[in-house]
Amino acid sequence: KQWYQRRVAITAGTAPTICTTEELDAMYKKVQEEFNVFKDQYEFPDDMTKNGKKKLLKTLKFDFFKAIRRKIEREKLKRKKANNPASAPKRRKGNKLCDSNNKLRVAVDCSFDDLMTEKDIVKLSKQIQRIYAMNRHMDNPLQLHLTNMQGKTLERMGCVDGYKNWDINLKSESLIELFEPSNVVYLCAESENLLSTFDDSKTYVIGGFVDHNAHKGLAYERAKAAGFQHARLPIDQFFTISTRKVLTVCHVFEIISNFCVSNSWTSAIEKTVPERKGLKSLDDKTKSEETEALKTDDAVKDES
């Protein structure tokens, strides 16, 4: 990729001195000129619409300017640190999987990319980046696995800088090739089995699938066909949800990680599930129903 080659050229041999504003402006102007040349020479597919060309050009421009944007950000941090060292943000060092006291295995099954659109694959890759960041910032990160990393999902992850250096178990093999089926618990909203706690000898699997309910129950059917155990998070034991019970990859992982910290399902679920889901405690619902019943009784008495 041309933007990656430029990033190497821009960052290579960077002196420890701070660039002046004029130097950064000159660098940015040079990149702008290079992009104008690149744009004029770029050949769009013949069948692409005008709107499609605009969107593609916007993506290409974003990638083209990524290196210079990062350099400008770094230079701003250098200048801030030089002027006031105490106010400069410190980069938090992530915790390594090998040093973690948490041996719970959680895998994201990325075997659904043939059923997803390009836009959904982009969303999945962003969710994978988010759960990786969450895991890195845990005091005791989970043993995180990405399985079936191939095809379109792997191709999209290639756009993420440094993902090959992630502290994660990145595998191209399928779940059945990596783990004993009897030790796999696939987390599915449709499962009749309720998950009460976690067992370190098991591998808990989240379906890496963004489909907007187009393939309802697919992960559940695949889990049964493969001979995996399956279970659902105990959300309906403590709460009611006014919308779909299916959660994103991020939300499922976040509930698991929060439970590992608090050992409380109610706390883990409340911290994670967004307000738009209409989450309501069963205790609150019972109290609300009792209050409504009392109001009805009072109204009947008044009429009498």
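As the structure is a computational prediction, the values presented were derived from the model and not from experiment.

Draft legend 1. Focus on the overall build of the protein. Scanning the protein for helices and strands turns up twelve helices and eight strands. For the protein, the residues scored as buried account for 37% of the 304 residues in total. Sequence-distant contacts, at least 24 apart, represent 78% of the contacts inside the protein between residues at least 6 apart. By element, 49% of the accessible surface of the protein is carried by carbon and sulfur atoms, the whole surface being about 18,600 Å².

Draft legend 2. Region of interest: helix H11 (residues 265–272). Taken together, the buried positions of H11 are occupied by Trp265, Ala268, Ile269 and Thr272. Relative to the axis of H11, the buried residues are bounded by an arc of 95° and lie together on one face. Of the exposed residues in H11, those oriented more than 90 degrees away from the buried face are Glu270 and Lys271. Where H11 is buried, its residues meet helix H9 (235–238), strand E7 (239–240) and helix H10 (249–262).

Draft legend 3. View of the packing of H10 against H11. Running from amino to carboxyl end, H10 crosses H11 at an angle of 140°, the nearest separation of the two axes being 8 Å. Here H10 is positioned oblique relative to H11, judged by the angle of their axes. Crossing of H10 over H11 shows right-handed handedness. Here His251, Glu254, Ile255, Asn258, Phe259 and Ser262 of H10 come into contact with H11, specifically with Trp265, Ser267, Ala268, Ile269, Lys271 and Thr272. Tallied by class, residues from the contact of H10 with H11 come to five nonpolar, five polar and two charged.

Draft legend 4. The arrangement of the confidence of the model for the protein in detail. Per-residue pLDDT for the protein averages 84, and the proportion of residues at 70 or more is 85%. Taken together, the stretch residues 293–301 has pLDDT below 50 and engages in zero contacts with residues farther than four places along the chain or on a different chain.

Draft legend 5. Up close: the sheet that holds strand E5 (residues 203–207). The six strands lie next to each other as E3-E2-E1-E5-E4-E6, forming an open sheet whose pairing is parallel. Each edge of the sheet is formed by a strand with only one pairing partner; in this case those strands are strand E3 (169–170) and strand E6 (229–231). Across the sheet, H10 touches strand E1 (105–109), strand E2 (143–147), strand E4 (184–187) and E5, and the angle it forms with E5 is around 155°.

Draft legend 6. Structural detail: the nonpolar core. By size, the foremost hydrophobic cluster in this structure holds 58 residues, and its most contacted members are Tyr186 and Ile256. Where this core is concerned, the elements lending two or more residues are E1, helix H5 (118–136), E2, E4, E5, helix H8 (218–226), H10 and H11. Tallying contributions element by element places H10 first for this core, with seven residues. If you look at the next biggest cluster of nonpolar residues, it comprises seven residues, including Val31, Phe38, Phe65 and Ile68.

Draft legend 7. Focus on the packing of aromatic side chains. Applying the stated criterion to the full structure yields 15 aromatic pairs. With 5.3 Å between their ring centres and 35° between their planes, Phe38 and Phe64 make a pair best called tilted. Taken as a pair, Phe38 in helix H2 (residues 21–41) and Phe64 in helix H3 (residues 50–64) lie far apart in primary sequence, 26 residues in all. Phe64 matches Phe38 in its accessibility class, with the two residues each being buried.

Scoring rules and cut-offs
Once a new chain begins, its residue numbering starts again from 1 and follows that chain's sequence as written. Local features in this predicted model are restricted to residues of pLDDT 70 or higher, and side-chain atom pairs are both shown and tallied only at a pLDDT of 80 or more, whereas totals for entire chains, interfaces and linings draw on every residue. The side-chain quantities take in all heavy atoms of the structure and omit both hydrogens and water. The helix count covers DSSP runs of H or I at least four residues long, the strand count covers runs of E at least two residues long, and both are numbered beginning at the N terminus. Three labels apply to residues, based on accessible area from a 1.4 Å probe with only protein chains included: buried if under 20% of the type maximum, exposed if over 50%, partly exposed otherwise in between. Pairs of residues are marked as contacts when any of their non-hydrogen atoms sit within 4.5 Å. Residue burial considers only the protein chains on display, and all accessible areas are found by Shrake-Rupley using a 1.4 Å probe. Along the arc lie the directions from the helix axis toward the C-beta atoms. Geometry is summarised by axes, namely lines fitted to C-alpha atoms with helices restricted to the contacting stretch, and by angles between N-to-C directions that run from 0 to 180 degrees. Any angle that is under 35 degrees is reported as roughly parallel, and any over 145 degrees as roughly antiparallel; angles of 65 to 115 degrees are reported as roughly perpendicular and all others as oblique. Working rule for handedness: look at the near helix, and if it is turned counterclockwise from the far one by less than a right angle, call the crossing left-handed; if clockwise, right-handed. Three classes are used, and their members are as follows: Ala, Val, Leu, Ile, Met, Phe, Trp, Tyr, Cys and Pro are nonpolar, Asp, Glu, Lys and Arg are charged, and the others, Gly among them, are polar. Here pLDDT means the predictor's own confidence in every residue, given as a number from 0 to 100. Whether two strands pair depends on DSSP finding at least two bridges between them. Think of a nonpolar core as a cluster: buried Ala, Val, Leu, Ile, Met, Phe, Trp, Tyr and Cys residues, connected wherever their side-chain atoms sit within 4.5 Å. Pairing of aromatic rings covers Phe, Tyr and Trp, the last through its six-membered ring, and needs centres within 6.5 Å; plane angles under 30 degrees mean stacked, over 60 mean edge-to-face, and all others mean tilted.

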